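Now for the letters of each chain:
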Amino acid sequence: MNGVDPLLRVRDLKVGYEVPGDLIVPVAGVSFDLNPHEVVGLVGDAGSGKSTTALALMGLARPPGKILGGSVEFGGRDLLTLPDAEIRAIRGRDIGIIVQNPRAALNPMLRVGRQIGFAYRAHNDATEAAARAHAIEMLRLVGINDPERRVEAYAHELSGGMAQRALIAMALSSTPKLLIADEPTSGLDVTIQAQFLDEMWQTVQKTGSAMLLVTQELGVIANFCDRVLVLHKGRIVEDAPVRQFFAEPQHPYSQEVLRFYHERASGYPEQVTGGAGFLRTDALTKHFPLRNSDKVVQAVDKVTISVAKGEAVGLVGESGSGKTTVGRCLMRLEHPTAGAVILDGQDITALDAAQMRKMRSRMQIVFQDPFDSVNPRWTIADILDEPLRVHEGGDKAARRERAVAALKQVDLDPSLMIAKPRDLGASTLQRINIARALICNPDFVVLDEPTSVLAPRARNSLIALLARLQKELGISYLFISHDLTTVRYLCQRVAVMYLGQIVEEGSVEQVFTAPQHPYSRALLSAHLMPDPTNRRVDNPVPAALEGEIPSPIDVPKGCYLASRCPHVTDACRANPQVLTDLGQGRAVRCERVVSGEISLQTEAHV
Amino acid sequence: MLLRYITRRMLIGVVQLFCLVIAVFFLIRLLPADPVSRLVGLNSSPEGYEQAARQLGLDRPLFEQLSIYLGLSPDIAPGLLQGSLGVSWATGSTVGSEIANFLPVTLQLITLAFILAFIISIPVGMLGALNPGKAVDKGVFVYSLFAGSQPEFWWGLLFVYVFYFQLGVAPAPLGQLSPMTFPPESVTGFMLIDTLIAGEPAKFLEALHHLMMPVITLAFILSGPIIKMVRQNMLRALQSDFVLYANLIGLPRKRVARYALRAAMGPSMTLIGILYGFMLSGAVLVESVFSLGGIGQYAIRSVLAFDYPAIQGVVLVITAISLVVYLLLDLIHAAIDPRIAY
Amino acid sequence: MPDQVQDLLLDESTYVPPVRKADWLMRIGVSIVALVIFLAIFGPHIGPYDPTRTTIRIAVPPPGLTEIPGLLMGWIGGTLDYSPHWMGTDANGYDIFSRVIAAPRTDLKIALLANLLSLITGVFFGLVAGYWRNWGTELLIRVSDVLQSFPVFIMAMVLVALAGRSATNIIIALAFVYTPIYLRLTRAEVLGQTSRGFVEAARAMGNSELSIALRHVLPNSLTPALIQSSVTIGFAILLTAGLSFVGAGVRPPTPEWGLMISTGANQIVLGEWWPSVFPGLAISLTVFGFAVLGNALERRYERG
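Definitions and limits used
Residues numbered from 1 in each chain as written. Chains lettered and ligands numbered in written order. Predicted model: local features only at pLDDT ≥ 70, side-chain atom pairs only at ≥ 80, totals over all residues. Helix = DSSP H or I, 4+ residues; strand = E, 2+ residues; numbered from the N terminus. Rg over C-alpha atoms; globule rule 2.2 N^0.38 Å. Buried ≥ 20, exposed ≤ 12 C-beta atoms within 10 Å, placed from the backbone. Contact = placed C-beta atoms within 7 Å. Nonpolar A, V, L, I, M, F, W, Y, C, P; charged D, E, K, R; others polar. Pairing = 2+ DSSP bridges. Axes fitted to C-alpha atoms, helices over the stretch in contact; angles between N-to-C directions. Domains from an automatic or database assignment.

A few words now on the overall build of chain C. Helices and strands together make up the secondary structure of chain C, namely 11 helices and zero strands. Helices (α) and strands (β) of chain C occur, in sequence order from the N terminus, as α-α-α-α-α-α-α-α-α-α-α. Taken over the C-alpha trace, chain C has a radius of gyration of 25 Å; the compact-globule value for 304 residues is 19 Å, which it surpasses by more than 25%. Across its three principal directions, the C-alpha atoms of chain C cover 85 × 55 × 30 Å. Burial status across chain C gives 51% buried among its 304 residues.

In structure tokens:
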């Protein structure tokens, strides 16, 4: 942007906090400009200080942090030197912000409408009644249907997506000149995320504000930003227009970050032949009873999947799809309400407790949260020893050797044996979880979102490890994930789940390049490709799905997607849909697709 | 919905109370103490002993005694179902009337003590929370630990020594009023109210004067845990995400402070209930030092005299009041914090 | 392997256990508690007088500040007729100093045993009630609730007075009072722990339920109870003193701080402050020490 004065000028911003005997400075001298009408991405690893920087722009630091120095010039004044009353006037009015965890940001004790009203009245003269009316209008504007009712809701009664919209309503109440969005979509479903970012971008364009979008996801940066700032070790190490950043990153750290995206394998994992049905489910169903009610939560509805020996099958879906429950039923951590789980010919749902315990050495699970999965008081040695002790017993020294071998197998140093979980990072700990799962040589491993809490860079190395281990050991995986990139690199086949049912299945190549079911299509088109030459905002995709997922307590009579599908007809609403085999391992649950009434084309996005 | 919750809580409370009454009933009868000897002396004749035992109803089988106590045999004697708590073995008056005399004294004392404790503790606790880590905060914190671990009876005595004996500003620890003063007619049982009803402001002031030290003593002890709780809850609220966000969107300071205060109040309610319940029986020590004649002293007297009906009556009444207080505070908590679902 | 990822691992590959320091507040707590323990062991023997025997010198005030240096010299040199009464004597002629330092044995013994008893009982039942959820454990919790709604002080009085004023009965009475607290504390912690991932992971691994309860859940659920112990011991001392003060605690002439305050209470109005003030000071500092220690432990081992 030339000739125009920057909207915000940050110079040498420093934020730090004291620990006994030391001063830690996560933000060590950050400088950048923001121009009007610009969308700028701020990217960096977790813990790099992105959120701290965002907060510091408003003159705030989360305790015990303190702003140590620097200047933030806005409208000709340094925000960091303004008296309290004046900067409060600027916050919320001229600079708006939305944060990462929307439900935690809302006051849990006040109704949402009142809070929006307070935000409005903080910067505008208005009566309570006027403020309430304004709140209703804002909620309607940000896409919340039935705003008159929602305005009376409490924070805990809203879903993540709705709460985030409420925050936007608050932030945009007074048309700010700058909108700061701090990881606004982490934790939201993929389809909601795409919807949301689209809407935010359009609003920003309409009002002509600038936006600072703080995120770890390169896909978000590529598709929505004009310029990129890279934060590393407390400083801005690169500041480039988005295309240049992706094509020719200058700083070694940026190059590192982009490396995995440039190194994308072109092919899909080879299909596995033979050994089919090594692990399969047979009309697996799981209902959870509701307290004080006759109703049930229908989590999983007659799901039949099969995994061959040495194959990795992906199970994808958003929150509420039931994929995690399927994984848990496979491990008999939940008892299926109906249906069977068959491993190598044996129905494990029919085994008694003692037999099941023996069977468990053949099937293992890796959970999503690496820290939650291990006993915080145990050392790594204890953690790795446990499965050996339970299943094999024997001599302690021999077990220890096997534990060390397991660590080496996942590329970790044996000196970690004496460490405790809290001293290690998430990706290291997740490797240890994998080592623990493999230590008794199981035939089959369920991986339940193993990379979700990891930083994008760590995800890729973990997937590479899993792929390698599968080739070396010949184990089968059921890979549960909402992150399509990881599924694409690891799995041969994939099943897409929605509200407890499988809506489409086939090989990864088939499903990802040419999804047939409207939901799969929406899911795939919502996936943000880190390719700035083909930005989503430049080539807008027609809104694939509206609204939100129905409740699993009151499942619709006909097609579950009927309330959101752009191709819906009355027949869809009335008739329950059946998963129909299309040949070549392909299946779709949609009458209209099977009959050829609708034929969906999508570009390869993953 | 609300009504159902209250009714359910009250039902559970009644059941709890009932179990407690029965438990206490059996407990004291199963202990080796001998109330009959207490009454007739250790050197009575066997006939005298038997007669006394019959008088107290202790010659009957255990379950018959229980059913009489509960009011299931009204022809023999009135019981709980008829609203009677029995007759005191030591004095001969009904337990109900005695408790009605003594209970208000304690209630008056602890209510005043709580009010004073709040007036001191909330600002002090907030002072600490608003300046975390600084000297003020450390001081507040150490004070709260100190005050909450003190023997109140000793402090009562200390105050008597300093303020009565040395400085002469406080009256002698001889009861609610000076022994020379004729007490007003007992209408509510609460001395302060009764003096006003009787239109005797001088006695009101005197009663207040006599209450001064016991109330200060109790308030001091209470200030420990209350400050600790206010400070902790306030700190947590001030560091919460939504307070940070409220600052981020530019809400005025006062509004943010109110956000934090409301969040801090909710979890405090449970502790207040527990403290109140504890004080109902714990105030006995201060009552003793100042000879106030409250339910605690009545309890001591009854226990040392092995006066079973009185003991049972005291336990029942105190527990009932505690349960009501708990329920009230839980309701207030739910009113403050909508996340608490019924 | 790419450098950056190697960095992630390198930082953790050479493991150095972190160092934890104690702060000044904790040191104060530890010192006081250590002193009390020392006195509990040696107290009755190191005083100038037998704590259970009276002397002929009745209601003697403690020496004035100006007299102390001279007395000290005399005492060390052995030139005095009789050992000074550093804290004076009470109306019966007991030397207060000897009794003040002898009392910790009584109070601490009662408090420690009561705490141990209620800790073991409370934790055991708390674990059972929290881990296995069925009608039996529900009943257990209801019983515990009823126990907890007993008016604390009165029930302790009742139990001791009616069962006989002995240290054992006080211990049992206190255990009654504190067990429900430990039960509730442990159960809440157990409930939280059983929903943690590692419990599920242990189950998925093939551990038996009992093994999980004992190996995983119990060790992780003990912390709040152990931290609470310090505070509980302090309050047990307070309760014992209070009970003795009203005459429902230990029997005279056992040296016990509350009992000493009670005998001295009548003299306060006469201006004889020392029989009550010194023992009270001792209680005040002791319970404070335990409270501080408990808080320091809480801060150190708090789940972050």
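What follows continues from the structure just given.
Counting its secondary structure elements, chain B contains 14 helices and zero strands. With the C-alpha coordinates of chain B rotated into their principal frame, the extents come out at 85 × 55 × 40 Å. Considering chain B as a whole, with its 342 residues, one finds that 42% of them fall into the buried category. The contacts in chain B between residues at least 6 apart in sequence include a share of 67% that link residues at least 24 apart.

Turning to the interface of chain C and chain A, a few remarks are in order. Across the boundary between the two partners, chain C contributes 22 residues, which contact 34 residues of chain A. When contributions to the side of chain C that touches chain A are tallied by element, the ones reaching two or more residues are helix 1 (3-13), helix 8 (197-205) and helix 9 (209-246) of chain C. Top contributing element to the side of chain C that touches chain A by residue count: helix 8 of chain C, with seven residues. Here the side of chain C that touches chain A is composed, by residue class, of 10 nonpolar, eight polar and four charged.

A word on the sheet that holds strand 10 (residues 235-241) of chain A. By definition, the strands of a sheet pair up through backbone hydrogen bonds, in either a parallel or an antiparallel sense. Residue and element names in this part refer to chain A. Read from one edge to the other, the open sheet built from six strands follows the order 6-7-8-3-9-10, with strand pairing classed as mixed. Taken across any chain shown, the strands that pair with only one partner, and hence form the sheet edges, are strand 6 (95-98) and strand 10. Going across the sheet, the axis of each strand differs from the next one's by a mean of 15°, ignoring polarity. Most of the contacts of helix 7 (residues 160-172) go to strand 6, to which it runs at about 175°, and overall it touches strand 6 and strand 7 (178-182).

Each partner contributes residues to the interface: chain C has 38 residues there, and chain B has 40 residues. Every element with two or more residues in the side of chain C that touches chain B is listed here: helix 5 (135-148), helix 6 (152-163), helix 9, helix 10 (257-268) and helix 11 (274-301) of chain C. For the side of chain C that touches chain B, the element with the highest residue contribution is helix 11 of chain C, accounting for 10 residues. Residue composition of the side of chain C that touches chain B, by class: 27 nonpolar, 10 polar and one charged.

In this section: the domain arrangement of chain B. Residues and elements named next belong to chain B. Partitioning chain B into domains gives domain 1 (2-82) and domain 2 (95-336). One C-alpha centre belongs to domain 1, the other to domain 2, and the line joining them spans 32 Å. Contacts between the two partners involve 12 residues from domain 1 and, on the opposite side, 11 residues from domain 2. Breaking the side of domain 1 that touches domain 2 down by element, the ones donating at least two residues are helix 1 (2-30) and helix 2 (35-40). Per-element tally for the side of domain 1 that touches domain 2: the top contributor is helix 1, with nine residues. For the side of domain 1 that touches domain 2, the per-class residue count stands at eight nonpolar, two polar and two charged.

All names here are of chain A. One open sheet holds the four strands; their spatial order is 2-1-4-5, and the pairing between them is antiparallel. Of all the strands in the sheet, just strand 2 (22-34) and strand 5 (77-78) have a single pairing partner and so form its edges. Across two bridges, the pairing between strand 4 (residues 66-74) and strand 5 is antiparallel. The residue of strand 5 that forms the bridge with Phe 74 is Arg 77.

It is worth spelling out the environment of A:Arg291 at this point. Residues and elements named next belong to chain A. Its location among the elements puts Arg 291 in the loop between strand 11 (279-289) and strand 12 (296-303). For Arg 291, a count of 4 C-beta atoms within 10 Å translates into the label exposed. Spatially, the C-alpha atom of Arg 291 lies 34 Å from that of Ile 116, the residues being 175 residues apart in sequence.

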